[in-house]
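# Coordinate inspection notes
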Amino acid sequence: MNAKRRMLGPFSVLADDVKLAGFFCGVCKEPVRVAKQHAPTLAARACLFGCGCDVGVVVWEDQSAINRQNWSRVMKQARKANAELIIFNTGETTPPGFGGVN
Ligand SMILES: [Zn+2]
């Protein structure tokens with residue numbers, strides 16, 4: 001039996017892992033959703049945000065790089081640049097196998 005999945009940016013994630021982020025995208029007018037992924041070696045979880053714009057945004061849980069104020073601006077820039085994925089990072093390594101959000 002396959003678990004229900006949905007797209008969040010370029011990734012397919014388990015629908016059960018996806019929560020509402022609490023704000024809307026000003027570009028596509030859809031609610032922004034977030035899936036938090038545990039990285040075994042790190043305390044902070046990686047948060048994958050997405051809306052209807054088909055752009056994924058990854059932020060560490062303990063950072064506040066993305067919020068309702070800057071989301072629409074980030075989406076506009078990402079779409080202009082044809083980006084599928086934006087990662088906000090503060091010099092920490094992306095956990096191995098992160099691409100396999102499952
Ligand atoms: Zn959007």
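Below, the structure is looked at part by part. (Residues numbered from 1 in each chain as written. Predicted model: local features only at pLDDT ≥ 70, side-chain atom pairs only at ≥ 80, totals over all residues.)

### Quick notes on the sheet that holds strand 5 (residues 46-50)
Pairing within the open sheet is mixed, and its 5 strands lie in the order 3-4-5-6-7. In the strand order of this sheet, the two ends are held by strand 3 (18-24) and strand 7 (85-87), each with one partner. This sheet shows a mean twist of 25 degrees between the axes of neighbouring strands, independent of strand direction. Relative to strand 6 (residues 56-60), strand 5 runs antiparallel, the two sharing 5 bridges. Across the sheet, G50 pairs through a bridge with G56, a residue of strand 6. (Pairing = 2+ DSSP bridges. Helix = DSSP H or I, 4+ residues; strand = E, 2+ residues; numbered from the N terminus. Axes fitted to C-alpha atoms, helices over the stretch in contact; angles between N-to-C directions.)

### A short note on helix 1 (residues 71-80)
Of the positions making up helix 1, those classed as buried are W71, V74, M75 and A78. Taken around the axis of helix 1, the buried residues stretch over an arc of 100 degrees, which confines them to a single face. Structural note: helix 1 exposes R73 and K80 on the side pointing more than 90 degrees away from its buried face. On the buried face of helix 1, the contacting elements are strand 3, strand 4 (31-37), strand 6 and strand 7. One or two residues past the end of helix 1 sits N82, with phi positive at roughly 60 degrees. (Buried ≥ 20, exposed ≤ 12 C-beta atoms within 10 Å, placed from the backbone. Arc of directions from axis to C-beta. Contact = placed C-beta atoms within 7 Å.)

### Observations regarding the pairing of strand 6
Burial of strand 6 is extensive: 5 of the 5 residues sit out of reach of the surface. Alternating residues of strand 6 divide into G56, V58 and W60 and V57 and V59, and every residue in both groups is buried. Connecting strand 5 to the next strand, strand 6, in antiparallel fashion are 5 residues, including D54 with a positive phi near 60 degrees. Pairing analysis gives 3 bridges linking strand 6 to strand 7, with the strands arranged parallel. If you follow V58 over to strand 7, its bridge partner there is I87.

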